[in-house]
Amino acid sequence: MRMVSRLVRSLNRTEALVGVWRQGLAVLPRLVWNPWAQVILPPRPPKVLGLQVVFRGNTPSLWLSMSIVTVQLGQCGNQIGFEVFDALLSDSHSSQGLCSMRENEAYQASCKERFFSEEENGVPIARAVLVDMEPKVINQTLSKAAQSGQWKYGQHACFCQKQGSGNNWAYGYSVHGPRHEESIMNIIRKEVEKCDSFSGFFIIMSMAGGTGSGLGAFVTQNLEDQYSNSLKMNQIIWPYGTGEVIVQNYNSILTLSHLYRSSDALLLHENDAIHKICAKLMNIKQISFSDINQVLAHQLGSVFQPTYSAESSFHYRRNPLGDLMEHLVPHPEFKMLSVRNIPHMSENSLAYTTFTWAGLLKHLRQMLISNAKMEEEGFKDPALYTSWLKPVNAFNVWKTQRAFSKYEKSAVLVSNSQFLVKPLDMIVGKAWNMFASKAYIHQYTKFGIEEEDFLDSFTSLEQVVASYCNL
Amino acid sequence: MTQSVVVQVGQCGNQIGCCFWDLALREHAAVNQKGIYDEAISSFFRNVDTRVVGDGGSISKGKICSLKARAVLIDMEEGVVNEILQGPLRDVFDTKQLITDISGSGNNWAVGHKVFGSLYQDQILEKFRKSAEHCDCLQCFFIIHSMGGGTGSGLGTFLLKVLEDEFPEVYRFVTSIYPSGEDDVITSPYNSILAMKELNEHADCVLPIDNQSLFDIISKIDLMVNSGKLGTTVKPKSLVTSSSGALKKRHKKPFDAMNNIVANLLLNLTSSARFEGSLNMDLNEISMNLVPFPQLHYLVSSLTPLYTLTDVNIPPRRLDQMFSDAFSKDHQLLRADPKHSLYLACALMVRGNVQISDLRRNIERLKPSLQFVSWNQEGWKTSLCSVPPVGHSHSLLALANNTCVKPTFMELKERFMRLYKKKAHLHHYLQVEGMEESCFTEAVSSLSALIQEYDQLDATKNMPVQDLPRLSIAM
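About the thresholds
Residues numbered from 1 in each chain as written. Chains lettered and ligands numbered in written order. Predicted model: local features only at pLDDT ≥ 70, side-chain atom pairs only at ≥ 80, totals over all residues. Heavy atoms only, no water. UniProt positions renumbered as here; feature names shortened; annotations may be inferred. Salt bridge = Lys/Arg side-chain N within 4 Å of Asp/Glu carboxyl O. Helix = DSSP H or I, 4+ residues; strand = E, 2+ residues; numbered from the N terminus. Buried < 20%, exposed > 50% of the residue type's maximum accessible area, 1.4 Å probe, protein only. Contact = heavy atoms within 4.5 Å. Polar contact = N/O pair within 3.5 Å; in protein donor to acceptor, adjacent residues only side chain to side chain. Pairing = 2+ DSSP bridges. Buried area = accessible area lost by both parts, 1.4 Å probe. Right-handed = clockwise from strand over helix to strand, strands pointing away. 1 Å grid on protein atoms, 1.4 Å probe; cavity = no way out; pocket = protein on both sides within 12 Å on 5 of 7 lines; lining within 4 Å. Points joined across faces, edges and corners; volume = space filled by probe spheres on them. Nonpolar A, V, L, I, M, F, W, Y, C, P; charged D, E, K, R; others polar. Phe/Tyr/Trp six-rings, centres within 6.5 Å; stacked < 30°, edge-to-face > 60°. Domains from an automatic or database assignment. Axes fitted to C-alpha atoms, helices over the stretch in contact; angles between N-to-C directions. pLDDT = per-residue confidence, 0-100. Expected span 1.5 Å × (residues − 1).

- You'll find chain B entered in an unreviewed UniProt entry as Tubulin epsilon chain, with Pan troglodytes given as the organism.
- Its UniProt record gives chain B a comment under Sequence similarities (unreviewed entry), which states: "Belongs to the tubulin family."
- Checking UniProt for chain B, the heading Subcellular location (unreviewed entry) contains the comment "Cytoplasm, Cytoskeleton, Microtubule organizing center, Centrosome".

Next up, the structure:
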């Protein structure tokens, strides 16, 4: 029996991966491109990437993609959800696609089918369900969407109550959850039925509060029960280290431990990291939450917008969720994913910058190794992965010709690796310290979450930390 | 959206309450230009069609007809309440919301609590039930009273038990005015200690305030205004300093300015729950985050800035000054020095044009000079509300659960013991049916236990932070 020390080794050494895991799969970065493929090839074309193929397609296929239903929970979830849909639609309508018109149409059609449904007067309606326990944020979100004129939310797609969860995970999970289970699941079901071909759920929530975290965990569990064949990816916002909510560590560990059981993949974004991107790379002086949410939306958009499927360059990938999960989450013990996207720059610099693939690739590789969140050949280095996996299998590329959201070229890296272990470890440590002094516990036991539940959560998360450390 | 009911008890409570309603009306008038009865207003006011007799007059949407405050006014002598009813705010109150008597409590907690408590219990209960029925979703009772007198102190704390039994799920936030050193009521230590016991047991959250601090703050403002310091002039319509924008000019009473501050405190406390913002904070979150253990629910508050500056575009240095001031002992509404004591938790509620990066920058800047308890080293609760208070461009309310309340309690206990040892004035209390000496001893021991808890926390103040051994997983 081995005891694992709680201190995580330096995460910069992704190469020192000891493959103890019997089923072996570990660091699986996945590269998603939106390049102008033929213009620049990296000096030594990597074997794994099919860059030699020139995509000058004939009629692009009109295979439409499978649809994703988004569930936005709590203040954070709803504010971000709005930005994501906005980013997706404005990118799809963007005039700087830098590709042929047919290409563009196929791209738009694919994006639309995936995230929006059509209404009579042609205004796309987001495939989304908005849930919050108090009305202010949902009202704001609905009106912002309607004001844009480009798209809107469905009229009956929201569920709202009068009194929030008070940053109390127990209240969100044990009180609001069961009380409103039926209504919420009904709305979700209606949204799913609208899809011709349903791929899975994308659930946006934060870990620190009460509704997003507690009710989010409850809803995800329900989705697991009722839609066990569909995929669920949870987009979780990691709060600032120096606190937005005092009990955020408790809420976080309870959320993560529950989601680990019921969700298929956890895509994690840290507020601290995105804040740094805003400050350093984009040069925003007074950063507001809306800036942060927009960067996040940009990252998510560049992952989920249509890209070519592996078989042929003529078809857009039908099932992004499924493909992502297949390649990135092969083992249920390793579910935490993170996203790195380049480039990020302020609007002003955008006009004056030219892009090269070599530069982008190098940047991205550096980001992967040094755990920076702010940037093929490099990715093939076996040292990056566990000894179990040949780079050929671990590393996958998606691409499309069409440029994303004003960036002539951009690249996104979604990875399942040890990077999130350090923050996770810190949160578990802080929560444990607080738990040892029994502070705030009475607020949770009031609503049915007992100390045993906390201990269970601690145990499962320590297990996760240990597994990742052992890679 | 949730509603809150304000319960004002005693002379002090009613005077503060009166200021509060005046400010609330002005704030909503400034924000709500169209005169539509929206959810923000509904948190404190009902919309009533006064032509309808009886109870059926409530209107839930549409244009504002006539606003009635969600308030219950209680006083055992008629002077203050009558004045309110004859003043400019008479239309805001419903005569059905009042409970008055003639004789007053004579600065005697026992009379307020035992005599009037039992006499008016049913009436009180009925008024509460009525006001709760008018609410769609009642979240919180705000009780305003003083600790040193008879009615506010005795009857005010009697109410807490009633509310706890009748509405267990509704929060009870108590704003208590503690007697200062030079208080003119001789028996105020007795009244305060007896009231403290009730607060310990039945309140969810207590915001202690004392008159001396309020007075000091007012003097500071006056000094600033009169000295004409460069770059700072007070906007005439600012809610903090003057009530000149009030419905009608009423001649200034001595405590007006001080009551205004407390009224501002309550408004800012509820602002993030009423108005929109990028990081909302509801009232139930205050209790959740700032009360780590049920008995330690005393929150020291501070409001900044106290005066507005003429510059419209506030450069970051001024903004940062607002944050620094919030932690200085001159700005606290209680005689306390939080910087040199131990923080259990701290909440920053910002209103106006302040973004998350400003907030983060200031937290990073101020953190090293503050001492937090070992298990809550980074325990900050923050909220951003986009609607600023009237006459300011931004403001900050800081609530701290901090061991600096201990000296106030200890001083109170000392004054109590000085009187109690001599059994001075005790007979007034013991005369009242239901009062015995054990009431006093129990009250003191309850306070002592509280002081001891704070002592234990203080003892951990300068110890190095140790990480406790965690669960280890066998592989």
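Looking at the pattern of salt bridges
Close approach of charged atoms lets side chains of opposite charge pair.
Part 1 of the reasoning: Per the counting criterion, the structure on display carries 22 salt bridges over all chains.
Part 2 of the reasoning: Glu27(B) is paired through a salt bridge with Arg274(B); the nearest N and O atoms lie 3.0 Å apart. Linking Glu27(B) in helix H1 (residues 10–31) with Arg274(B) in helix H8 (residues 256–274), this pair joins segments that are 247 residues apart in sequence.
Part 3 of the reasoning: In this structure Glu27(B) comes out as buried when scored by relative accessible area, which is 1%.
Part 4 of the reasoning: The partner of Asp320(B) in a salt bridge is Arg361(B), with the nearest N and O atoms 3.0 Å apart. With Asp320(B) in helix H10 (residues 316–326) and Arg361(B) in helix H11 (residues 356–366), this residue pair connects regions lying 41 residues apart in the sequence.
Part 5 of the reasoning: Via salt bridges that share partners, Glu224(A), Lys232(A) and Asp264(A) belong to a single interconnected network.

Details of the environment of Asn271(A)
Residue and element names in this part refer to chain A.
Part 1 of the reasoning: Among the structural elements, Asn271 can be located in helix H7 (residues 271–281).
Part 2 of the reasoning: Judged by relative accessible area, Asn271 falls into the buried class, the value being 5%.
Part 3 of the reasoning: For the pair Asn271 and Tyr260, spaced eleven residues apart in sequence, the C-alpha separation works out to 21 Å.
Part 4 of the reasoning: Beyond its immediate chain neighbours, meaning those up to four positions away, Asn271 contacts Ile237, Trp238, Pro239, Tyr240, Glu244, Phe289 and Ile292.
Part 5 of the reasoning: Polar contacts involving the side chain of Asn271 include one to the side chain of Glu244, which spans 2.9 Å.

Description of the pairing of strand E12 (residues 380–385) of chain B
Residues and elements named next belong to chain B.
Part 1 of the reasoning: With six of its six residues buried, E12 lies for the most part within the structure.
Part 2 of the reasoning: Covered by surrounding structure in E12 are Trp380, Thr382 and Leu384 together with Lys381, Ser383 and Cys385, the residues of both alternating faces.
Part 3 of the reasoning: Sheet analysis places strand E10 (residues 342–352) next to E12, joined by six bridges and oriented parallel. Across the sheet, the residue bridging to Leu348 is Thr382, located in E12.

Concerning the interface of chain A and chain B
Part 1 of the reasoning: With 56 residues of chain A in contact, the opposing surface of chain B contributes 55 residues.
Part 2 of the reasoning: At the boundary of chain A with chain B, total buried surface from both sides reaches about 4900 Å², with 53% on carbon and sulfur atoms.
Part 3 of the reasoning: Among the residues chain A hides against chain B, the three largest losses belong to Lys136(A), Thr242(A) and Ile246(A). Together they make up 14% of the total.
Part 4 of the reasoning: On the surface where chain A and chain B come into contact, there are two salt bridges.
Part 5 of the reasoning: Between Glu378(B) and Lys430(A) there is a salt bridge, and its shortest N-O distance comes to 2.6 Å.

Examining the pairing of E10(B)
Two faces make up the sheet, and in a regular strand the side chains alternate between them.
All names here are of chain B.
Part 1 of the reasoning: Among the eleven residues of E10, eleven are classified as buried, and the element is accordingly described as predominantly covered.
Part 2 of the reasoning: A crossover connection joins E10 to the parallel strand E11 (residues 371–372) through H11; in handedness this β-α-β unit is right-handed.
Part 3 of the reasoning: Alignment of E10 against strand E13 (residues 394–402), held across nine bridges, turns out to be antiparallel. Across the sheet, residue Met349 finds its bridge partner in E13, namely Leu397.

Notes on the sheet that holds strand E3 (residues 116–117) of chain A
Residues and elements named next belong to chain A.
Part 1 of the reasoning: As summarised here, the arrangement of the three strands in space is E3-E4-E6, forming an open sheet in which the pairing is mixed. Only two strands of the sheet have a single neighbouring strand rather than two, namely E3 and strand E6 (152–153).
Part 2 of the reasoning: Pairing between strand E4 (residues 125–126) and E6: two bridges, direction parallel. What sits directly across from Ala126, in E6, is Tyr153.

Some remarks on the layout of surface pockets
All names here are of chain B.
Part 1 of the reasoning: The calculated volume of the largest pocket comes to roughly 850 Å³.
Part 2 of the reasoning: Put simply, the parts of the chain that give the lining of the largest pocket at least two residues each are H1, helix H5 (151–166), strand E7 (171–178), helix H7 (211–227) and H8.
Part 3 of the reasoning: For the lining of the largest pocket, the class distribution of residues is twelve nonpolar, 17 polar and five charged.

With respect to the side chain of Ser213(B)
Part 1 of the reasoning: Within the secondary structure, Ser213(B) sits in helix H7.
Part 2 of the reasoning: Setting aside chain neighbours within four positions, we find Ser213(B) in contact with Gln332(B), Leu333(B), Leu334(B) and Arg335(B).

Quick word on the packing of aromatic side chains
All names here are of chain A.
Part 1 of the reasoning: Per the stated rule, a full pass over the model turns up 43 aromatic pairs over all chains.
Part 2 of the reasoning: Ring geometry for Phe198 versus Phe201: centroids 5.0 Å apart, planes at 70°, classification edge-to-face.
Part 3 of the reasoning: With 5.3 Å between their ring centres and 85° between their planes, Tyr444 and Phe454 make a pair best called edge-to-face. With Tyr444 in helix H14 (residues 441–445) and Phe454 in helix H15 (residues 451–469), the pair connects residues that are ten residues apart, well separated along the chain.

Describing the domain arrangement of chain B
Residue and element names in this part refer to chain B.
Part 1 of the reasoning: By the assigned domains, chain B splits into domain 1 (3–17 + 70–88 + 98–240 + 255–293), domain 2 (303–401) and domain 3 (407–460).
Part 2 of the reasoning: The C-alpha centroid of domain 3 is placed 34 Å from the C-alpha centroid of domain 2.
Part 3 of the reasoning: Between domain 2 and domain 3, the residue contacts involve six residues of the former and five residues of the latter.
Part 4 of the reasoning: When domain 2 packs against domain 3, close to 400 Å² is buried across both sides, 63% of that on carbon and sulfur atoms.
Part 5 of the reasoning: For the domain 2 face of the interface with domain 3, the top three residues by lost area are Leu334, Leu342 and Leu344, together amounting to 64%.
Part 6 of the reasoning: Here domain 2 and domain 3 share zero salt bridges between them.
Part 7 of the reasoning: Along the lines of polarity and charge, the residues of the side of domain 2 that touches domain 3 split into four nonpolar, one polar and one charged.

Thoughts on the sheet that holds strand E4 (residues 71–75) of chain B
All names here are of chain B.
Part 1 of the reasoning: Here we have six strands laid out as an open sheet, ordered E5-E4-E1-E6-E7-E8, and parallel in their pairing. Only two strands of the sheet have a single partner each, and these edge strands are strand E5 (98–100) and strand E8 (205–210). Between one strand axis and the next, the sheet turns through 15° on average, direction left out of account.
Part 2 of the reasoning: Bridging between strand E6 (residues 138–146) and E7 involves seven bridges; their strand directions are parallel. Its bridge partner lying in E7, Ile144 is registered against Thr175.
Part 3 of the reasoning: Taken strand by strand, H1 contacts strand E1 (3–9), E4, E6 and E7, and its axis lies near 140° from that of E1.

What to know about the confidence of the model for chain A
Residues and elements named next belong to chain A.
Part 1 of the reasoning: When pLDDT is averaged across chain A, the result is 74; 68% of the residues are at 70 or more.
Part 2 of the reasoning: Low pLDDT, under 50, characterises residues 1–63; the predicted model gives this stretch 179 contacts beyond four residues in sequence or across chains.
Part 3 of the reasoning: This stretch, residues 372–378, has a pLDDT under 50; its non-local contacts, to residues over four places away or in other chains, come to 33 contacts.

Section: helix H12 (residues 406–421) of chain B
Residue and element names in this part refer to chain B.
Part 1 of the reasoning: The terminal C-alpha atoms of H12 lie 22 Å apart, and with 16 residues this matches the ideal 22 Å at 1.5 Å per residue to within 8%.
Part 2 of the reasoning: If you check which residues of H12 are buried, you get Lys406, Thr408, Phe409, Leu412, Arg415, Phe416, Leu419 and Tyr420.
Part 3 of the reasoning: Tucked into the core, H12 has its buried residues touching E7, helix H6 (188–202), helix H13 (426–430) and helix H14 (437–459).
Part 4 of the reasoning: Of the residues trailing H12, Lys423 is marked for its positive phi of about 55°.

What about empty space enclosed by the protein?
If a probe as big as a water molecule is rolled over the atoms, it shows which places are left empty.
Part 1 of the reasoning: The space that makes up the largest cavity amounts to roughly 520 Å³.
Part 2 of the reasoning: Taken together, 37 residues form the lining of the largest cavity, with Gln75(A), Cys76(A), Ser206(A), Gly209(A) and Leu279(B) sitting closest to its centre.
Part 3 of the reasoning: Sorting the residues of the lining of the largest cavity by element identifies helix H1 (74–92), helix H3 (135–148), helix H5 (211–226) and helix H8 (289–304) of chain A together with helix H9 (283–290) and E12 of chain B as the ones contributing at least two each.
Part 4 of the reasoning: If you tally residues by element for the lining of the largest cavity, the top one is H1(A), at five residues.
Part 5 of the reasoning: Grouping the constituent residues of the lining of the largest cavity by class yields eleven nonpolar, 19 polar and seven charged.

Observations regarding the side chain of Gln75(A)
Part 1 of the reasoning: Mapped onto the elements, Gln75(A) comes out in helix H1.
Part 2 of the reasoning: At a separation of 3.3 Å, a polar atom in the side chain of Gln75(A) contacts the main-chain carbonyl oxygen of Gly277(B).
Part 3 of the reasoning: Those residues in contact with Gln75(A) that sit more than four places away from it in its chain are Asp132(A), Val137(A), Gly277(B), Ser278(B), Leu279(B) and Asn280(B).

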